[in-house]
Amino acid sequence: MCGIVGYVGNRDVVEVLFKGLTNLEYRGYDSAGMALRDEGEIKIFKTLGKLINLKNELENRKSELIHPVCGIGHIRWATHGSPSLVNAHPHTCNCGRLVVVHNGIIENYKELREELIKKGCKFKSQTDTETIAHLVADEYAKAKNLEIAVRNSVKKLQGAYAICVMHKDVPDVIVGARKHAPMLVGIGENENFIASDTPAIIEYTKKTIYLDDNEIAVVTKDSVKITDIDGNLVNKKVEVLPWEPVALSKLGYKHFMLKEIHEQPDVIRNVLNGKLFDIDSPIILNEVKIDKDILKKLNKIEIIACGTSLHAAIVGKYLIEDFAGISVEVEASSEYIYRKTTTDASTLVIGVSQSGETADTITAIKQAREKKSHVLIITNRPDSNMARLADSLIPVNAGIEVSVAATKSYTAQLMSFYLLALHLAEIKGSLDKEYIKNLKHELIQLPTKIEEILSNTSVIQECARKFSSYKNFIYISRGVNLASAYEGALKLKEISYINATGYPAGELKHGPIAMLDETMPVLSILIPGGITYEKVLSNSEEAKARNAKLIALTSSNDKSLDNLFDIVIRIPSVSEILSPVLTCVPLQLLAYYIAEFLGKDVDQPRNLAKSVTVE
Ligand code: G6P
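Residues numbered from 1 in each chain as written. Predicted model: local features only at pLDDT ≥ 70, side-chain atom pairs only at ≥ 80, totals over all residues. Heavy atoms only, no water.

Peer 1: Just checking my understanding: could you explain the nonpolar core for this structure?
Peer 2: Soluble globular proteins tend to bury their nonpolar side chains together. Ranked by internal contacts, the top residues of the largest apolar core, which has 96 residues, are Ile301, Ile320, Phe323, Ile350, Tyr418, Phe473 and Tyr475. At 13 residues, the largest contribution of residues to this core is made by helix 13 (residues 408-428). When residues of this core are sorted by domain, at least three fall in each of domain 2 (249-450) and domain 3 (458-597). Those residues within four positions of Phe323 in sequence are excluded, and the remaining contacts are Tyr418, Ala421, Leu422, Ala425, Ser430, Leu431, Tyr435, Leu439 and Ile577. Counting 33 residues, the second-largest nonpolar core is a separate cluster that includes Leu36, Ile75, Leu184 and Phe256. (Core = buried A, V, L, I, M, F, W, Y, C linked by side-chain atoms within 4.5 Å. Buried < 20%, exposed > 50% of the residue type's maximum accessible area, 1.4 Å probe, protein only. Helix = DSSP H or I, 4+ residues; strand = E, 2+ residues; numbered from the N terminus. Domains from an automatic or database assignment. Contact = heavy atoms within 4.5 Å.)

Spelled out as structure tokens, the structure:
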């Protein structure tokens, strides 16, 4: 989604802002812009589409720049008003002396706009952001102080915002403010940064201050002042970022997505590290800060998440119910927040999110907190807003994920659920000790098995080549792999724009079977040794009888499958309950290769954003 970076210091401002925006690019955007303070003037550059266009614009107008020392940059993902040059940020007030960039949505912008129009403001765009520019300019005219003008303005804003403001009459100062949208200040030597997310500044500094809601930052080259909404100084902790800049490099892979898929074995080792020592020792999950006696008696868990994280949550439900016998409800955050839930102080609420910034999940978590539930967050971003709302926090340690389509963060979330479910089972004594040992043994083997899958992808590539021209797919499975079917289909939709649906195999005959013919490939996930294999096989036969093309994803060595299915993608042998960690990998690769063959923008699919900070 939108991204912000601001800089004041002695480096090449254009370069710092451009790099910052490039490192936020993965979040998804449709236009970009910069405002630079140069020789007492504010100069604005905006373009539609990718950052390369902004680069060209800056190059073409190079002669206009003398020595910029301060600037703000933005990438926009359209919410109010189409993606267009006029709607791109930065936005200005009537006289152009004040510029603003903004992430989020101002809910009362229409009322504010009406009032400002009455005062003589002339609006050029359809955005909610332009309202902020006029509003702050109006307040500045009264207060003659940018910090106070921003403070007085944000008091009038309803909704979510992270904003950065510069004014021609206030040299080399950036004022930032936030509410329900992330913003941080990066601290340097004789230079400072402000940004909506850490990748924007990681190349220059690891020292950061995270702003909280209703805080205002005044940033100059050698000072950072943070105040609350009433103007009181706030003493903030300087934190050190956990990421390395190298995390933002493709390391020779064609796309971040492929790199991230290949990182999964190490990610799993990371998740297990320090938590699962050997098969005879209990799982160590000190992150769960609930008294063991309370955990023993726990009889309801709710898991809330969006997108891929929701699929990890579905696997989580299956595991917790199976291992620990605790009833679990899973719901999309965007539905949970509009329902009268029965959540109460005795409910454990688990929020799952790669980014830790998804607006719907944050709202859902806040609702759960109001009901006094213990909130456990599973996230890849321990520095996120969601993490700050947690009573217990399990960081999944997958490393920064750049590709919009989530891959390694999904496997890391799955692994966290295996550990959590086993931890609960050990506390409750709900599973046979030998069974637990076998599971632990197999969990430790998973990275090697994924390495085996990654070492030979020829069948997956053949499958991608054969099926890339099909317009619709159905992915089916049963049991713990139903979520794998949902996730595999989502991956294909996201990056190749092919219509793919994950469906419970048993439900095929209750509707979707009507769509089956030779134009509809059915991908079946079949793991032998468990309770679902034969049934999914029968459902695949039913599809075959309707002339559907069949793809199998299986750990079975049964040669007769090669007669029934058009293509059989084989994975190493694995017990059904652990198989989602393996089945997701060929499905990620299949989506990847199909998108690649179709020439799609794999890492930044159209219309999608890496972290969705609006409801
Ligand atoms: C966006 C991304 C998805 C992601 C979803 C939830 O839609 O494009 O890949 O699964 O948000 O994000 P979260 O960060 O909460 O896991």
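Read on, since the account is not over.
Peer 1: What's the story with the domain arrangement of the protein in this structure? I'm lost.
Peer 2: How big an interface is tends to be stated in terms of accessible area lost as the parts join. Domain parsing of the protein yields domain 1 (3-246), domain 2 (249-450) and domain 3 (458-597). In this assembly, 16 residues from domain 1 lie in contact with 15 residues from domain 2. A combined buried area of about 1200 Å² lies between domain 1 and domain 2, and 51% of that area is made up of carbon and sulfur atoms. Across the domain 1-domain 2 interface, the total number found is one salt bridge. Residue Asp197 is joined to Arg381 by a salt bridge in which the shortest nitrogen-to-oxygen separation is 2.8 Å. If you look at where domain 1 meets domain 2, you find five residue pairs in polar contact (both at pLDDT 80 or more). For the side of domain 1 that touches domain 2, the class distribution of residues is nine nonpolar, two polar and five charged. (Buried area = accessible area lost by both parts, 1.4 Å probe. Salt bridge = Lys/Arg side-chain N within 4 Å of Asp/Glu carboxyl O. Polar contact = N/O pair within 3.5 Å; in protein donor to acceptor, adjacent residues only side chain to side chain. Nonpolar A, V, L, I, M, F, W, Y, C, P; charged D, E, K, R; others polar.)

Peer 1: How should the packing of helix 9 (residues 307-324) against helix 16 (residues 482-496) be read in this particular structure?
Peer 2: A packed helix pair is summarised by two numbers, namely the angle formed by the two axes and the spacing between the axes. Relative to each other, helix 9 and helix 16 sit at 165°, their axes nearing to 9 Å. When the interaxial angle is binned, helix 9 and helix 16 end up roughly antiparallel. Judged by the sense of rotation from one axis to the other, the crossing of helix 9 with helix 16 is left-handed. Contact residues: helix 9 offers Gly307, Thr308, His311, Ile314 and Val315, while helix 16 offers Ala483, Tyr486, Glu487, Leu490 and Lys491. Per-class residue counts for the contact of helix 9 with helix 16 are five nonpolar, three polar and two charged. (Axes fitted to C-alpha atoms, helices over the stretch in contact; angles between N-to-C directions. Parallel < 35°, antiparallel > 145°, perpendicular 65-115°, else oblique. Left-handed = near helix turned anticlockwise from the far one by under 90°.)

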